Amino acid sequence: MQLNYIANAHQPSASGRTIPVIDPSDGQVFDALQRSNADDIDQAVHAARQCFDMVWSKVSAVERGRLLMRLSQKVAEHADELAVIEQRDCGKPTKQAKADAAALARYFEFYAGACDKLHGETIPYQDGYSVFTWREPHGVTGHIVPWNYPMQIFGRSVGGALAAGNVCVVKPSEDACLSLLRVAQLAAEVGFPAGALNIVTGYGHEVGDALARHPGIDHISFTGSPKVGTLIQQVAAERHCPVTLELGGKSPQIVFADADLDAAIPTIINAIVQNAGQTCSAGSRLLVEESIYEPLLERLGAAFEALRVGPAAMDLDLGPLIRQTQQQRVWDFLSDAQHAGIPMVAQGIVVAGLVGMALSDPRAGLQPLIWCALLVAIGSATQDIAVDAFRIE
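Residues numbered from 1 in each chain as written. Predicted model: local features only at pLDDT ≥ 70, side-chain atom pairs only at ≥ 80, totals over all residues. Heavy atoms only, no water.

(A) Looking closely at the overall build of the chain. What the chain contains, in helices and strands, is 12 helices and 18 strands. The burial tally for the chain puts 51% of its 393 residues in the buried class. For the chain, contacts bridging at least 24 residues in sequence account for 74% of all contacts bridging at least 6. With an accessible surface of roughly 17800 Å², the chain has 53% of that area assigned to carbon and sulfur atoms. (Helix = DSSP H or I, 4+ residues; strand = E, 2+ residues; numbered from the N terminus. Buried < 20%, exposed > 50% of the residue type's maximum accessible area, 1.4 Å probe, protein only. Contact = heavy atoms within 4.5 Å. Areas by Shrake-Rupley, 256 points an atom, 1.4 Å probe, with all protein chains shown as cover.)

(B) Structural detail: the nonpolar core. Counting residues in each nonpolar core, the largest one holds 67 residues, and the members touching the most others are L68, F154, V169, F192 and L197. When neighbours within four sequence positions are excluded, L68 is seen to be in contact with F108, Y111, A112, C115, G159, L162, A163 and F192. I269, L286, V309 and L321 belong to the second largest nonpolar core, which has 25 residues in total. (Core = buried A, V, L, I, M, F, W, Y, C linked by side-chain atoms within 4.5 Å.)

(C) Layout of the state of the cysteines. By the definition in use, this model includes zero disulfides. Here C168 is not disulfide-linked; the sulfur of C51 is the nearest cysteine sulfur, at 9.9 Å. Judged by its relative accessible area of 0%, C168 falls in the buried class. (Disulfide = S-S within 2.5 Å.)

(D) Region of the structure containing the environment of R285. Within the secondary structure, R285 is located in strand β13 (residues 285-289). With relative accessibility at 2%, the residue R285 sits in the buried group. Through-space distance from the C-alpha of R285 to that of Q253 is 6.1 Å; in sequence the pair is 32 residues apart.

(E) Broad picture of the pattern of salt bridges. Inspection of the entire model under this criterion finds 17 salt bridges. The shortest N-O distance in the salt bridge between R66 and E63 comes to 3.8 Å. Taken together, the residues R66 and E63, both in helix α2 (residues 61-77) and three residues apart, mark about one turn of the helix. When salt bridges with common partners are traced through the structure, they connect K74, E81, R182 and E189 into a single cluster. (Salt bridge = Lys/Arg side-chain N within 4 Å of Asp/Glu carboxyl O.)

(F) Examining helix α1 (residues 38-54) more closely. The terminal C-alpha atoms of α1, which comprises 17 residues, lie 24 Å apart, in line with the 24 Å expected from a rise of 1.5 Å per residue. D40, I41, A44, V45, A47, A48, C51 and F52 are the residues of α1 that are buried. Across the axial projection of α1, the buried residues extend over an arc of 160°, all falling on one side. In α1, the exposed residues that point more than 90 degrees away from the buried face are D39, H46 and M54. Where α1 is buried, its residues contact β1 (4-6), β7 (140-145), β8 (167-172), β9 (197-199) and α7 (204-213). With a side-chain oxygen lying 3.0 Å from the backbone nitrogen of D39, the N-terminal cap of α1 falls on N37. (Expected span 1.5 Å × (residues − 1). Arc of directions from axis to C-beta. Polar contact = N/O pair within 3.5 Å; in protein donor to acceptor, adjacent residues only side chain to side chain.)

(G) Main features of the packing of α2 against helix α6 (residues 178-189). Interaxial distance between α2 and α6 falls to 9 Å at its minimum, and their mutual angle equals 130°. Regarding the angle of α2 to α6, the classification is oblique. You can see that α2 and α6 cross each other, and the crossing is right-handed. Together, L71, K74 and V75 of α2 and V183, L186, A187 and E189 of α6 make up the contact between the two elements. (Axes fitted to C-alpha atoms, helices over the stretch in contact; angles between N-to-C directions. Parallel < 35°, antiparallel > 145°, perpendicular 65-115°, else oblique. Left-handed = near helix turned anticlockwise from the far one by under 90°.)

(H) Geometry of the packing of aromatic side chains. Scanning the entire structure with this criterion turns up five aromatic pairs. The interplanar angle of 80° and the centroid separation of 5.3 Å between the aromatic rings of F110 and Y111 together place this pair among those described as edge-to-face. Among the residues examined, Y111 registers a relative accessible area of 18% and is labelled buried. Ring centres of F132 and W134 lie 6.4 Å apart, and the angle between their planes is 55°; this geometry places the pair in the tilted category. Given a relative accessible area of 65%, W134 falls into the exposed group. For the cation-ring pair, R88 lies above F30, with the distance from its terminal atom to the ring centre recorded as 4.1 Å. It is K92 that lies over the ring of Y149; its NZ or CZ is 4.2 Å from the centre. (Phe/Tyr/Trp six-rings, centres within 6.5 Å; stacked < 30°, edge-to-face > 60°. Lys NZ or Arg CZ within 6 Å of the ring centre and 35° of its normal.)

In structure tokens form, the structure reads like this:
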């Protein structure tokens, strides 16, 4: 059973309740997380504040950089272990999980070098005056990390916050906590003081809401859906807490008649199938100039039919979707397409009964966000029409 990690110590939740951890590859429960609540957030914020006031604010920028560099090296040493954890927890194929671990190490390495380079400015003014800006950390920062790229987003969010002199309280997605709990332990091992990095697990409506509302949080970082991002921004505005939001989008790719299709097709495919399409910048819309629409669709269909999806450990082109509700969304999209008379152009090879990937030809309405390996291809008569479609959100 996994516990919260607060002040460099494993802590059970105040509620005493747990959340099952399910392997996306086989649907089986293999671990449990703490179902934390507002009391656990309060404990973590208190630990973070004490660390900031008593220890972290007195650590020099140079020493913060050295700590982050040691953490980067530690993550690199444990990259295979972290990849295995991520593979089972999130259903990522081995190569994707290893790439995420490598990215995490690189983020910490980058921010390690940035610690002593966050400068203020001197500003020319009237004679007898000295005017300058002084950069100070926010203090205790809250971070809500999604399930699709937990290590990568943790690295660029928490890494930057620590580099600037903040301490962190992190709420990972309940679907992707295990790697971040392990990274917090590695941070303690390399010398981060107790309270500098705290991980509290639980559901968004319980723990995430408590984190966003807590008066001891000085800045909130959130990556996730536009709907939840709006709610967090509203809650934070009530107490004038600054926020940084990275929200989901709808990412079109445009192919014109003069394109090099041999070069374009691998890029188009990778843009939608990476991480089983569970990427906020996934290229789920394909706008194609009419004169090459049919030949491009034929070639894309052949490429899709060669793709394979299966359990994460098989390290195929795609792993499983993160959970059954996401899988159901895929079936719903395909069902809607079928009822609308939209043809299915191609489908990949499905291994072990998991959901596969599909290529559709709708020339019809678009959903606001598709978190699945489903590519929608649309013909466009001219470049102007394609650009207009690009602008539609």
